Amino acid sequence: MAALSIHHFRQAKQTGQPLVALTAADYVTAQILDQAGIDLILVGDSLAMTSLGHSSTLPLTLEQMIHHAQAVRRGVERAFLVADLPFLSYQVCKEQALFSAGRLMKEAGVNGVKLEGGYPAMVETVAFLVQRGIPVLGHIGLTPQAKHQLGGYRQQGKTPEEAERLRQEALNLEQAGAFALVLEHMPADLAAQITQQLRIPTLGIGAGPGCDGQILVTHDLLGLSERIPPFARAYANLRQVIREAVEAFAEDVRQKVFPPSYPCGQTVLSNK
């Protein structure tokens, strides 16, 4: 199966084929997502919370991102692989962003990077990276790395002024060369308007059905997160399934019925 390239995303926009994107932070998850036919796998800085136990994305370092992206790369053969640039690994100057993005591409083998914001200095950074051969996925709306400035994880673009700013940011990022945009936690009608204005595809997360595709944190989709965002949907409750499996194993050990009498390596279905 041929690996997807950057051209896949513009073709999907032109044909109206919805794009599907999910996050991964380890080899096994990445392999499963890739085999399921996901278009884009993001090594998101959300791993700071889902994998490392932090209360926000801010503590994640570039070294940690490279480490996780390397593991994900080993599990991906087809999907387009993108990694987030962690907080303060790209905001200082364009050269810092180039160095950080270059390390992720050279050391982890990612196909592109994602960075947050559409303000003028960030648009210049996007253009700087694209001109040097680095595919960039933009991200506007709710940008979690700026949660303190935004006053928390609140919806963006609710006033006419905010909506106009986001529309202009989207156009500027497209002009700078971003191959796609993540639109996070904004009114559905605004996200649809932005999507219609752009030649590049949009990936919505809490932005309604009018985007060209959708992206979710895989932990939320699988029901592994302790709290599911209001705009996400848990398609399974693996948190409960895993807990029941562990409890069943612990009970078997304590009752001295493990190791079992049947051959090792078989899957045991719970009677619950």
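Reference entry: report on the structure contained in this document. All of these numbers come straight from a predicted model, not from anything done at the bench.

1. A look at the overall build of the protein
Scanning the protein from N- to C-terminus turns up 11 helices and 8 strands. The buried share of the protein, taken over its 272 residues, is 49%. Counting every atom, the protein has about 14,000 Å² of accessible surface; 55% of that belongs to carbon and sulfur. Side-chain charges of the protein comprise 23 positive and 25 negative groups, with the mean position of each set lying 1 Å from the other.

2. Section: the nonpolar core
Membership of the largest hydrophobic core comes to 71 residues, with the highest contact counts inside it found for Leu-40, Ile-41, Leu-104, Leu-183 and Met-186. Setting aside chain neighbours within four positions, we find Leu-183 in contact with Ile-140, Ala-191, Ile-194, Thr-195, Thr-202, Leu-203, Gly-204, Ile-205, Ala-207 and Cys-211.

3. Brief notes about helix H5 (residues 94-108)
In this model H5 runs 21 Å from its N-terminal to its C-terminal C-alpha over 15 residues, within 8% of the 21 Å that 1.5 Å per residue would give. All of the buried residues in H5 are Gln-96, Ala-97, Ser-100, Ala-101, Gly-102, Arg-103, Leu-104 and Ala-108. Structurally, H5 contributes buried residues whose contacts are with helix H4 (62-75), strand S3 (80-84), strand S4 (112-114) and helix H6 (120-131).

4. Points about unusual backbone geometry
Residues apart from glycine generally show negative phi values, whereas peptide bonds are mostly found in trans. With an omega of 10°, the peptide bond between Phe-258 and Pro-259 qualifies as cis. Assignment of secondary structure puts Pro-259 in the segment after helix H11 (238-254). Located in the positive-phi region is Leu-88, a residue other than glycine, with phi close to 65°. Looking at where Leu-88 falls in the secondary structure, it is placed in the loop between S3 and H5. Within the chain, Lys-256 stands out as a residue other than glycine whose phi angle is a positive 60°.

5. Notes on the pattern of salt bridges
Tallied over the full model, the rule gives 9 salt bridges. Between Arg-165 and Glu-169 there is a salt bridge, with its nearest N and O atoms 3.1 Å apart. A residue pair is termed a helical-turn pair when its members lie 3 or 4 positions apart in one helix, as Arg-165 and Glu-169 do in helix H8 (residues 160-176) at 4 residues. The exposure class of Glu-169 is buried, given its relative accessible area of 10%. Connected via shared salt-bridge partners are Glu-63, Arg-103 and Glu-107.

6. A look at the sheet that holds strand S2 (residues 40-43)
What the 8 strands build is a closed barrel, ordered S1-S2-S3-S4-S5-S6-S7-S8; its pairing is parallel. Mean inter-strand twist for the sheet, computed between neighbouring axes without regard to direction, equals 25°. As defined by bridge partners, strand S6 (residues 180-184) adjoins strand S7 (residues 202-205) across 4 bridges and the pair is classed as parallel. Pairing of Val-182 across the sheet is with Leu-203, part of S7. Relative to the sheet, H8 contacts strand S5 (136-141) and S6, its axis offset from that of S5 by approximately 175°.

Rules behind the numbers
Residues numbered from 1 in each chain as written. Predicted model: local features only at pLDDT ≥ 70, side-chain atom pairs only at ≥ 80, totals over all residues. Heavy atoms only, no water. Helix = DSSP H or I, 4+ residues; strand = E, 2+ residues; numbered from the N terminus. Buried < 20%, exposed > 50% of the residue type's maximum accessible area, 1.4 Å probe, protein only. Areas by Shrake-Rupley, 256 points an atom, 1.4 Å probe, with all protein chains shown as cover. Lys, Arg positive; Asp, Glu negative; His and termini not counted. Charge placed at Lys NZ, Arg CZ, Asp CG, Glu CD. Core = buried A, V, L, I, M, F, W, Y, C linked by side-chain atoms within 4.5 Å. Contact = heavy atoms within 4.5 Å. Expected span 1.5 Å × (residues − 1). Salt bridge = Lys/Arg side-chain N within 4 Å of Asp/Glu carboxyl O. Pairing = 2+ DSSP bridges. Axes fitted to C-alpha atoms, helices over the stretch in contact; angles between N-to-C directions.

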